[in-house]
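# Analysis of the macromolecular model
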Amino acid sequence: MHEADRNLRSPGSFCALHRSLRCNGPPMDLVFTTEELDPAKRFAAWQDAICDHYVHVDVNAVKPADYQGFIREAQFGPVTMSDVFLSEQRISRRDRHIAKLDKDCYYVQFLQAGSMDVLQAGQTLVTSPGIGAIFSASDAYDLECSNQFRSLYLEIPRKEFSSRFAEGKMPSAATIATGRGLGRIAAEFCALLASEASSLEETARGRLGHELMDVLALALDMGDKDEFSEDATARNARLRSVKAWIEEHLTDPDLSLEKIARSNGVSLRHLHYLFRSTEMSVSEWILNRRLQRCYDALMRPELRALSVTEIAYRLGFSSSSHFSTVFRRKFGHSPSELRRRQTMAID
C-alpha cells in the first residue's frame, strides 16, 4: 500500500499529513485549515471560507460531522499550485459558480492519496496516485472523492497554456499517466516545486511556472507514447527528477547506476545521456554530491558528536580511507583538518 494511503487510513491522519508537509521542505502558504476548529463547526466554516468565496463550488460531504481539510498555496508566475487534503465528498461547479470566476483556466490534478472521478462534458476521468487529470475549471464539472484524499492542484491560464499546442490539439479533459515517461516527469516536477516553494524567490518561481507548463504540454501532446522527447525542456525536467531521486537515496551505500535507472524508469544508456549536459558522469555527480553533503555536515556544530567516519558512512561511503582521499582531492585538505578548524573557530 502507498505510504500516503496508510496515513489516510490511520488514526490522526490529518495531523500526520500536516507534519509530512513540514518534513518534505518549507511549507506552502496556508490558505485555510479545519485543524483548530471545533469538529461541529468545521464543515460550515469550510463551506463559508472555501466553497463560497475561494473556489466557488458546492460541496456535499459524506460525513459533515467529521469533516477535515486544509489548503496550502504557492504562486509560480501564471501557475497557482495548491496542496489540498479533504474528507470524502462530492464537489460541483455549475453556471452560477462560473459566473463568479474572474479568470479562464484549466485544473491539473495529481493525487497523492485516495481516488477521485472527474465528470465533465459527458466524460468520466478516473484518477489515482498513478493517474492525473486535466480539465476545464471554467466549465461545469463534478468531482466524486472516495474516502479522504490529498492532491496537488495546478490552476493554469487557458490562453497561455493553449498557445503551447497546435491549433485544435489542446485536450479539454484528459488523464495523465504519472507512473512513467513525461507524465511522471510532470508529476515529480510538480511535487518538487511544492516542497521547495517558500525557499524560492519570486523571479525563480515565475520561470519555473512556465517550465512546468512546457512539461505538462509535452506530456499531454505525447499521450501514451513510451519514448522520451528529445526536446531540451523535457530532457532537463527528467534530469531534475533523476537528480532529486538520487539526492533522496545518497545515504544508500549500495546505490548503483542500474538501481537509479530502474527506479526512474529509464535505460542505463538513457541515464548516461541525461547527464551529458552536467559535464560529469553519473558516478562523478553522485560522488560530488556526497562529498558536498559530508562537508556541510562537518561544518555543523550540532553534529560534532559524530566522528568523521560516522558522517562518511551515513552519506553512503563504505571506506573511510577512500573518503579521506577523495575529500582531500576535492577540497584541498582532509576531513579531519576541516573538523579541527571548525572546532577551533567555535571554541
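The structure contained in this document is the topic of the report that follows. None of the values given here were measured: they were computed from a predicted structure.

Here we take up the packing of helix H11 (residues 282–298) against helix H13 (residues 320–331). Relative orientation and spacing of two packed helices are given, respectively, by the angle between their axes and the distance between those axes. Between H11 and H13, the least distance of the axes is 11 Å, while the angle of their chain directions is 90 degrees. Judged on the interaxial angle alone, H13 and H11 are roughly perpendicular. Here H11 contributes Leu287, Asn288, Leu291, Gln292, Cys294, Tyr295 and Leu298 to the contact with H13, which in turn contributes Phe323, Val326, Phe327, Lys330 and Phe331. Here the residues of the contact of H11 with H13 are counted per class, giving nine nonpolar, two polar and one charged.

What follows deals with the side chain of asparagine 264. Topologically, asparagine 264 is positioned in the loop between helix H9 (257–263) and helix H10 (268–274). Since its relative accessible area comes to 0%, asparagine 264 is described here as buried. The residues contacting asparagine 264, other than those within four sequence positions of it, are Arg184, Arg238, Ser241, Val242 and Trp245.

This part takes up unusual backbone geometry. Phi at histidine 56 takes a positive value of approximately 60 degrees, unusual for a residue other than glycine. Of the residues examined, histidine 56 reaches a relative accessible area of 15% and is grouped as buried. The residue alanine 121 is not glycine, and still its phi comes out positive at about 50 degrees. The topology assignment puts alanine 121 in the loop between strand E6 (105–120) and strand E7 (123–127). Take alanine 121: its relative accessible area is 74%, and that puts it in the exposed class.

It is worth spelling out the packing of aromatic side chains at this point. All chains considered together, the criterion is met by 16 aromatic pairs. Seen from their ring centres, tyrosine 295 and phenylalanine 327 are 6.2 Å apart, and the 15 degrees between their planes marks the pair as stacked. Placement of tyrosine 295 in helix H11 and of phenylalanine 327 in helix H13 is noted, with a sequence separation of 32 residues between them. In this structure tyrosine 295 comes out as partly exposed when scored by relative accessible area, which is 22%. In this structure phenylalanine 327 comes out as buried when scored by relative accessible area, which is 0%. Each ring, one from phenylalanine 317 and one from phenylalanine 323, has its centre 4.9 Å from the other, and the planes form 55 degrees; the classification is tilted. With relative accessibility at 6%, the residue phenylalanine 317 sits in the buried group. Among the aromatic side chains, those forming a connected cluster through ring pairs are Tyr295, Phe317, Phe323, Phe327 and Phe331. The residue whose ring lies beneath arginine 205 is phenylalanine 76, and the NZ or CZ to ring-centre distance is 5.9 Å.

Calculation rules
Residues numbered from 1 in each chain as written. Predicted model: local features only at pLDDT ≥ 70, side-chain atom pairs only at ≥ 80, totals over all residues. Heavy atoms only, no water. Axes fitted to C-alpha atoms, helices over the stretch in contact; angles between N-to-C directions. Helix = DSSP H or I, 4+ residues; strand = E, 2+ residues; numbered from the N terminus. Parallel < 35°, antiparallel > 145°, perpendicular 65-115°, else oblique. Contact = heavy atoms within 4.5 Å. Nonpolar A, V, L, I, M, F, W, Y, C, P; charged D, E, K, R; others polar. Buried < 20%, exposed > 50% of the residue type's maximum accessible area, 1.4 Å probe, protein only. Phe/Tyr/Trp six-rings, centres within 6.5 Å; stacked < 30°, edge-to-face > 60°. Lys NZ or Arg CZ within 6 Å of the ring centre and 35° of its normal.

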